[in-house]
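# Examining the three-dimensional arrangement
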Amino acid sequence: MKNIITFSAGLIFGLGLIISGMTNPAKVTGFLDLAGHWDPSLAFVMAGAITVAFFAFKKAESKGTTVFGESIQLPAKTDITKELIIGSMLFGAGWGLAGFCPGPAIVALGAGYQQALIFVIAMLAGMLAHEYLYKD
């Protein structure tokens, strides 16, 4: 039952990304193009996602376990560091240049978009570089 619920949640999330246009790089770059032909529609998608996540994290913090009774490991760090700022800037630059962020890129990869393949390969290379540079 746990696998069915997990699969269903992932499927609903992926379909939501497709329906909202988050897997379409042109729509994403249109949202980020404030000086040109700005498309504000993704602001509603993001507002909805932030609202759902806010209440889900509040419930997770108070309960401490998942629906299946497993413990939740939320990040303990809350400080803003140089690495966090640089990482955020790189994330934003990548999102603006490619029109993808990790979740939608993986969904688009599953749909066979070549742009997504290039992005995911670059993302994995960045993750490996981070592991190599910041290993304990």
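The written sequence of each chain sets the order in which its residues are numbered from 1. Two thresholds apply to this predicted model, a pLDDT of at least 70 for residue-level local features and 80 or more for giving and counting side-chain atom pairs, whereas whole-chain, interface and lining totals are computed over all residues. Each side-chain value is worked out from all heavy atoms of the structure, with water and hydrogens disregarded.

Turning to its location among the elements, Ser20 is positioned in helix 1 (residues 2-20). Of the polar contacts made by the side chain of Ser20, one reaches the backbone nitrogen of Met22; its length is 3.5 Å. Only heavy atoms matter for contacts: two residues are in contact if any of them lie within 4.5 Å across the pair. Contacts of Ser20, omitting those with residues within four sequence positions, involve Lys27, Leu42 and Val45. Numbered from the N terminus, helices here are DSSP runs of H or I no shorter than four residues, and strands are runs of E no shorter than two. Pairs of N or O atoms within 3.5 Å make up the polar contacts considered here, provided that, within protein, one atom can donate a hydrogen while the other can accept it, and that residues adjacent in sequence are counted only when both atoms are side-chain atoms.

Think of it this way: a Phe, Tyr or Trp ring, Trp meaning its six-membered ring, pairs with another when their centres are within 6.5 Å, and the plane angle makes it stacked under 30 degrees, edge-to-face over 60, tilted otherwise. If you walk through the whole model with that rule in mind, you get 3 aromatic pairs. Taking the centre distance of 5.7 Å and the plane angle of 50° together, the rings of Phe100 and Phe119 count as tilted. Placement of Phe100 in the loop between helix 4 (82-98) and helix 5 (102-110) and of Phe119 in helix 6 (residues 114-133) is noted, with a sequence separation of 19 residues between them. No difference in accessibility class separates Phe100 from Phe119, as the two residues are buried. The classification of residues rests on relative accessible area computed with a 1.4 Å probe and restricted to protein chains. Under 20% of the type maximum is buried, over 50% is exposed, and intermediate values are partly exposed.

Another point: helix 2 (residues 25-32). Every α-helical turn comprises 3.6 residues, leaving residues that sit three or four positions apart pointing alike. Of the residues making up helix 2, those classed as buried are Pro25, Val28, Gly30 and Phe31. For helix 2, the side-chain oxygen to backbone nitrogen distance between the N-cap and Ala26 is 3.0 Å, and the N-cap itself is Asn24.

Turning our eyes to something else, we now look at the side chain of Thr23. Relative to the elements of secondary structure, Thr23 occurs in the loop between helix 1 and helix 2. For Thr23, a relative accessible area of 9% corresponds to the buried category. If sequence neighbours within four positions are ignored, Thr23 has contacts with Leu17, Ile18, Phe100, Pro104, Val107 and Ala108.

So, about the confidence of the model for the chain. Chain-level statistics for the chain give a pLDDT mean of 88 and a share of 99% at 70 or above. Think of pLDDT as the predictor's per-residue confidence, scored from 0 to 100. Put simply, helix 2 is where the chain has its lowest mean pLDDT, 87, and helix 6 is where it has its highest, 90.

In this section: the packing of helix 1 against helix 5. Two elements in contact, helix 1 and helix 5, have axes whose closest approach is 10 Å; the angle formed by their N-to-C orientations is 90°. Classified by the interaxial angle, the pair formed by helix 1 and helix 5 is roughly perpendicular. Here Gly14, Leu17 and Ile18 of helix 1 lie close against helix 5, whose contacting residues are Gly103, Pro104 and Val107. Between N-to-C directions, angles cover 0 to 180 degrees, with each direction set by a line fitted to C-alpha atoms, over the stretch in contact for helices. Orientation is classified from the angle alone, with under 35 degrees giving roughly parallel, over 145 giving roughly antiparallel, 65 to 115 giving roughly perpendicular, and any other angle giving oblique.

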